[in-house]
Amino acid sequence: MIATIAHLQVLSLRRQRVFAAVVAIVVAMTAVAGGLGWSSHQTIVRVYDDAAALLAAQGQAAPPNPFELKPTLALLSNMVIYIPLIGALLALIVGHLTMADDQSSGMGRLIFTRRVRRTSYFAGKLAGASAVIAIALSAGLVVSLAALVIANGEAPGFADTGRLTAFYGLSWLYLVVFVEIGMVAVLLTSRRSLALLSGIGTWLVITFAVPQFTSGLRPTTSLNPITDPVSTSQTFFEITSRARPVSISEQYKAASSHILQTATGDSTIDTLVRVVPIAVLVVALAVVAVWLVSRHDYSRSSSDD
């Protein structure tokens, strides 16, 4: 039953063109990240070549090429920003549609005229939405590998491919959080528009407000996974910074930066520890959603705005 519901959910998202739109946007933002990284690479190489030629004319030795000192996957460092910013919104919309369509169309009422367990219903819905996100990120992984081949002139090694795969796996787990937020928002409200606005408000809190309180960074600065906190010397931020481990946005960016080797300082164990709050939130939201589904009255359709 779970597999059937998941399959039907994927078909529903495909009929609405949501599936194709999510994949296209993820591919596009991956291509943009690769294009920006390639442009930066070309600029660095061109400046270095000119500087090396000038130093050679003066009889001086040129320093090492700065691009060769950067990790290979640094080309895609912008993805650490795009996933929480754009990817999370896409996941939120997918989760919203997964629950909202059944309520507004009356399909939920029809489904429960049969012997369908509420837990199986939710599990199927979540599996279908998560599968759409996984397929979109898999397409992004393919584009990322292609971008690395174009920029470096050779295929990435086994270690880099593994790191890139781990990054997209972590990104999938992070986006599942927002799929569940979209689903829970629908179950807690009576109108589709209010559910969507509530989900977006939660996204704003997780992406901007919480990182600002826990690190003392400005909202726009909090998107940068490399910038260190600058205001923790203030008493207020000394207190709120203790809650930083529960900020899943910061934990995701820190763990992703370590996986892509664009930041140093964390060990593999530290990176795994950073993933724990994200996994815990996925489980907690799933439990809440199952409880809400079990109590939800599907005999009434919600208002379709």
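Nothing here was measured: the structure is a model prediction, and the numbers come from that model. (Residues numbered from 1 in each chain as written. Predicted model: local features only at pLDDT ≥ 70, side-chain atom pairs only at ≥ 80, totals over all residues. Heavy atoms only, no water.)

(A) Summary view of the overall build of the protein chain. Looking only at helices and strands, the protein chain has 10 helices and zero strands in total. Moving toward the C terminus, one meets the helices and strands of the protein chain in the order α-α-α-α-α-α-α-α-α-α. Counting across all 305 residues of the protein chain, residues that qualify as buried make up 45%. Taking the contacts inside the protein chain whose residues are at least 6 apart along the sequence as the reference set, 79% of them involve residues at least 24 apart. Accessible area of the protein chain: about 15,100 Å², with a carbon and sulfur share of 65%. (Helix = DSSP H or I, 4+ residues; strand = E, 2+ residues; numbered from the N terminus. Buried < 20%, exposed > 50% of the residue type's maximum accessible area, 1.4 Å probe, protein only. Contact = heavy atoms within 4.5 Å. Areas by Shrake-Rupley, 256 points an atom, 1.4 Å probe, with all protein chains shown as cover.)

(B) Examining empty space enclosed by the protein more closely. With the rule as written, the count across this model stands at one cavity of 30 Å³ or more. Estimates place the volume of the largest cavity at around 30 Å³. If you go around the largest cavity, the residues you meet are Val 22, Val 26, Gly 87, Leu 90, Ile 133, Ala 136, Leu 137 and Leu 175. Elements represented by at least two residues in the lining of the largest cavity include exactly helix H2 (18-57), helix H3 (79-105) and helix H5 (118-152). Among the elements that make up the lining of the largest cavity, the one with the highest residue count is H5 (three residues). (1 Å grid on protein atoms, 1.4 Å probe; cavity = no way out; pocket = protein on both sides within 12 Å on 5 of 7 lines; lining within 4 Å. Points joined across faces, edges and corners; volume = space filled by probe spheres on them.)

(C) Seen up close, unusual backbone geometry. Non-glycine residue Arg 17 carries a positive phi angle of around 65°. Counting through the fold element by element, Arg 17 comes out in the loop between helix H1 (2-15) and H2. If you check the backbone angles, Gln 261 has positive phi at about 65° while not being a glycine. You can see Gln 261 is positioned in the loop between helix H9 (248-259) and helix H10 (268-295). Residue classification places Gln 261 among the partly exposed positions, given a relative accessible area of 35%.

(D) Focus on the pattern of salt bridges. Summed over the entire model, instances satisfying the criterion amount to two salt bridges. Between Asp 101 and Arg 192 there is a salt bridge, with its nearest N and O atoms 3.2 Å apart. Remark: Arg 192 occurs in helix H7 (residues 192-215) and Asp 101 occurs in helix H3; sequence separation between them is 91 residues. Note on accessibility: Asp 101 and Arg 192 belong to one class, buried. The salt bridge partner of Asp 102 is Lys 125, with a shortest N-O separation of 2.6 Å. Note that Asp 102 is positioned in helix H3 and Lys 125 in helix H5, a separation of 23 residues in sequence. Across this residue pair, the class does not change: Asp 102 and Lys 125 are buried. (Salt bridge = Lys/Arg side-chain N within 4 Å of Asp/Glu carboxyl O.)

(E) Seen up close, the environment of Ala 255. Here Ala 255 lies in helix H9. C-alpha of Ala 255 to C-alpha of Thr 268: the two residues are 13 residues apart in sequence and 9.2 Å apart in space. When neighbours within four sequence positions are excluded, Ala 255 is seen to be in contact with Leu 170, Thr 271 and Arg 274.

(F) Just the packing of aromatic side chains, in detail. For the coordinates displayed, the defined rule picks out five aromatic pairs. When the ring of Tyr 174 is compared with that of Tyr 252, the centres are 4.5 Å apart and the planes differ by 25°; the resulting orientation is stacked. Here the residue Tyr 174 occupies a position in helix H6 (residues 158-188), and Tyr 252 occupies one in helix H9, the gap between them amounting to 78 residues. Among the residues examined, Tyr 174 registers a relative accessible area of 0% and is labelled buried. Note on Tyr 252: relative accessible area 0%, which makes it buried. Seen from their ring centres, Trp 203 and Phe 208 are 5.8 Å apart, and the 90° between their planes marks the pair as edge-to-face. The same class applies to Trp 203 and to Phe 208, which are both buried. Put simply, the rings of Phe 167, Tyr 168, Tyr 174, Phe 178 and Tyr 252 pair up and form one aromatic cluster. (Phe/Tyr/Trp six-rings, centres within 6.5 Å; stacked < 30°, edge-to-face > 60°.)

(G) Region of the structure containing the nonpolar core. Counting 73 residues, the largest nonpolar core has Met 79, Ile 83, Met 99, Phe 167, Tyr 174 and Phe 178 as the members making the most contacts within it. Counting residues per element, this core draws most heavily on H6, which supplies 17 residues. If we ignore the near neighbours within four places in the chain, the residues touching Phe 178 are Ala 88, Ala 91, Leu 92, Trp 203 and Ile 206. (Core = buried A, V, L, I, M, F, W, Y, C linked by side-chain atoms within 4.5 Å.)

(H) Representation of the side chain of Asp 160 within the structure. Of note, Asp 160 is situated in helix H6. Buried charge without a salt bridge: Asp 160, with Arg 163 as the nearest opposite-charge side chain at an N-O distance of 5.1 Å. Those residues in contact with Asp 160 that sit more than four places away from it in its chain are Thr 72 and Leu 73. (Lys, Arg positive; Asp, Glu negative; His and termini not counted.)

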